[in-house]
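Spelled out from the first residue to the last, the chains are:
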Amino acid sequence: MGIPDDEIGRFTTHLRLSIRLGGGSGDSPVGQFGGLPRLPVGMGWPTAGASPLPFVFSVDCAALPRVDGFGLPADGSLLFFLNHQEDHLAGGTGDRRYARVVYVPADAPTEVAEEPGNPTFVGERYDLHARLRPELPPWIATDDEDEDDEDDLSPFQQQLARDLEVDLPHLDELRALADDLWPPDEGLGSAEIGGYADDEVIRSIAEQTLAGREKAGEIVVPVAQWYTQLEKEQHRLTSEWVSLARFSPADEYYYGSFVIRHDDLAAGRLDLALSVTEFSE
């Protein structure tokens, strides 16, 4: 297409690929949604105190498409458990008992877990299939109609967009190429792995980070500059954090999200993943 290599390199620093998981037919399954999980032999069902955590879905890491810069384990399985109601209520307190990511090594003997005492925690089981989906930061317009809505962006985001137009003169062509390489999937998705963490989640982390630094006396942010400083911190954290999983079951009214720092994911520190649960109604 005649686009300079250095411009392509700058574009790919903004482009992330997420793995979209959905039911239906297609290639070999990469995991399961609902049902009973396969746990290591002898491992009990994950709980919060005496209460079992509902199982959401699992993926076989070796069966997933590989994505550069996304440090999932090369093999083994990831299992996601979440009590969405309790996690939502405990979100502001730092209590992380109600959300769990379990990694099962590939060489670990496993067995289908016994159904917990509360059968309502076991949803309908179906296989998951994977497709890649390109993602760009929300302040990068995705089509001409969005570009007309630049006034909806904050002054900080508008400046980022203007700088990008100078830095990436072929932005429209590169965006179109990404859409051609990874065309959108019209089917319903059950979950996504990877890609950008949701704005609201990163904003919450940024607020806590700034408030903690102020309380420790590391920084002083005048009230009039708080919003601008918050946006700058949010922009910085976007490069540090990645979405580990996000999902919204069709028969529920909540949205679950697990996020993790890139370096923690690469080091296998899955216990450091943070969960954020929001309700749509």
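Whatever comes next refers back to the structure up there.
Criteria and cut-off values
- Residues numbered from 1 in each chain as written.
- Predicted model: local features only at pLDDT ≥ 70, side-chain atom pairs only at ≥ 80, totals over all residues.
- Heavy atoms only, no water.
- Helix = DSSP H or I, 4+ residues; strand = E, 2+ residues; numbered from the N terminus.
- Contact = heavy atoms within 4.5 Å.
- Phe/Tyr/Trp six-rings, centres within 6.5 Å; stacked < 30°, edge-to-face > 60°.
- Buried < 20%, exposed > 50% of the residue type's maximum accessible area, 1.4 Å probe, protein only.
- Core = buried A, V, L, I, M, F, W, Y, C linked by side-chain atoms within 4.5 Å.
- Axes fitted to C-alpha atoms, helices over the stretch in contact; angles between N-to-C directions.
- Left-handed = near helix turned anticlockwise from the far one by under 90°.
- Nonpolar A, V, L, I, M, F, W, Y, C, P; charged D, E, K, R; others polar.
- Expected span 1.5 Å × (residues − 1).
- Arc of directions from axis to C-beta.
- Pairing = 2+ DSSP bridges.

Trainee: Describe in detail the environment of Ala-130, supporting the description with residues and values.
Mentor: Note that Ala-130 resides in strand S10 (residues 126-135). Taking C-alpha positions, Ala-130 is 9.0 Å from Ala-63, a pair spaced 67 residues apart along the chain. Leave out the neighbours within four places in its chain, and Ala-130 touches Ile-19, Arg-20, Leu-21, Val-30, Leu-64 and Pro-65.

Trainee: Report on the packing of aromatic side chains, specifying residues and quantitative values.
Mentor: Tallied over the full model, the rule gives eight aromatic pairs. Both rings, one in Phe-55 and one in Phe-81, keep their centres 5.4 Å apart while their planes meet at 55 degrees; by these two values the pair is tilted. Placement of the pair is Phe-55 in strand S6 (residues 55-60) and Phe-81 in strand S7 (residues 77-82), with a sequence separation of 26 residues. Neither residue differs from the other here; Phe-55 and Phe-81 are each classed as buried. With centroids separated by 4.7 Å and ring planes inclined at 20 degrees, the aromatic side chains of Phe-57 and Phe-80 adopt a geometry described as stacked. Here Phe-57, found in strand S6, pairs with Phe-80, found in strand S7; they are 23 residues apart in sequence, far enough to count as distant. The two residues Phe-57 and Phe-80 agree in class, both being buried. Here the aromatic cluster, defined as three or more aromatic residues joined through ring pairs, consists of Phe-33, Phe-57, Phe-80, Tyr-126, Phe-247 and Phe-258.

Trainee: Kindly report on the nonpolar core, identifying the contributing residues and their values.
Mentor: Formed by 31 residues in total, the largest nonpolar core has its most connected members in Leu-21, Phe-57, Ile-193 and Leu-244. With four residues, strand S12 (residues 241-247) is the single largest residue contributor to this core. Once residues within four sequence positions are removed from consideration, Ile-193 is found in contact with Ser-18, Ile-19, Leu-21, Phe-57, Val-59, Leu-64, Phe-70, Leu-72, Ser-243, Leu-244 and Ala-245.

Trainee: Any details on the packing of helix H6 (residues 199-215) against helix H7 (residues 226-240)? Residues and values, ideally.
Mentor: It is at 8 Å that the axes of H6 and H7 come closest, and there the two elements cross at 115 degrees. Seen along the crossing, H6 lies across H7 with a hand that is right-handed. Contacts from Asp-199, Ile-202, Arg-203, Ile-205, Ala-206, Glu-207, Thr-209, Leu-210, Ala-211, Arg-213 and Glu-214 in H6 reach Trp-226, Tyr-227, Gln-229, Leu-230, Glu-231, Glu-233, Gln-234, Leu-237 and Thr-238 in H7. Its residues assigned to classes, the contact of H6 with H7 comprises nine nonpolar, four polar and seven charged.

Trainee: Tell me what's going on with the environment of Tyr-227, and back it up with residues and numbers.
Mentor: Structurally, Tyr-227 is set in helix H7. A relative accessible area of 44% means that Tyr-227 is categorised as partly exposed. Residues Tyr-227 and Glu-207, spaced 20 residues apart in sequence, show a C-alpha to C-alpha distance of 9.8 Å. Every residue in contact with Tyr-227, bar those within four places of it in the chain, is listed here: Ser-154 and Arg-203.

Trainee: Lay out H6 in plain terms, naming residues and giving numbers.
Mentor: In this model H6 runs 24 Å from its N-terminal to its C-terminal C-alpha over 17 residues, within 8% of the 24 Å that 1.5 Å per residue would give. Here H6 has its buried residues at Val-201, Ile-202, Ile-205, Ala-206 and Leu-210. Projected down its long axis, H6 shows its buried positions confined to an angular sector of 160 degrees, all on one face. Exposed side of H6, more than 90 degrees from the buried face: Glu-200, Gln-208 and Lys-215 are the residues found there. Looking at the buried residues of H6, the elements they touch are H7, S12, strand S13 (254-261) and strand S14 (274-279). Directly beyond the C-terminal end of H6, a positive phi value near 80 degrees is found at Gly-217.

Trainee: Tell me about the packing of helix H1 (residues 5-14) against helix H5 (residues 171-181), residues and numbers included.
Mentor: Orientation of H1 relative to H5, taken along the N-to-C sense of each, is 60 degrees, at an axis distance of 11 Å. Regarding H1 and H5, the two cross each other, and that crossing is right-handed. Where H1 approaches H5, its residues Glu-7, Ile-8 and Phe-11 are matched on the opposing element by Leu-171, Leu-174 and Arg-175. Here the contact of H1 with H5 is built from residues that sort into four nonpolar, no polar and two charged.

Trainee: Residue-level account of the sheet that holds S10, with values.
Mentor: Spatially, the ten strands line up as an open sheet ordered S8-S7-S6-S2-S10-S1-S11-S12-S13-S14, and their pairing is antiparallel. The open sheet terminates on both sides in strands that have one partner only, identified here as strand S8 (99-104) and S14. Averaged over all pairs of adjacent strands, the angle between strand axes in this sheet comes to 25 degrees, irrespective of strand direction. Relative to S8, S7 runs antiparallel, the two sharing six bridges. The residue of S8 that forms the bridge with Leu-82 is Ala-99. The sheet strands contacting H7 are strand S1 (16-22), S12 and S13, and the helix crosses S12 at an angle near 80 degrees.

Nothing here speaks to function; it is all geometry.
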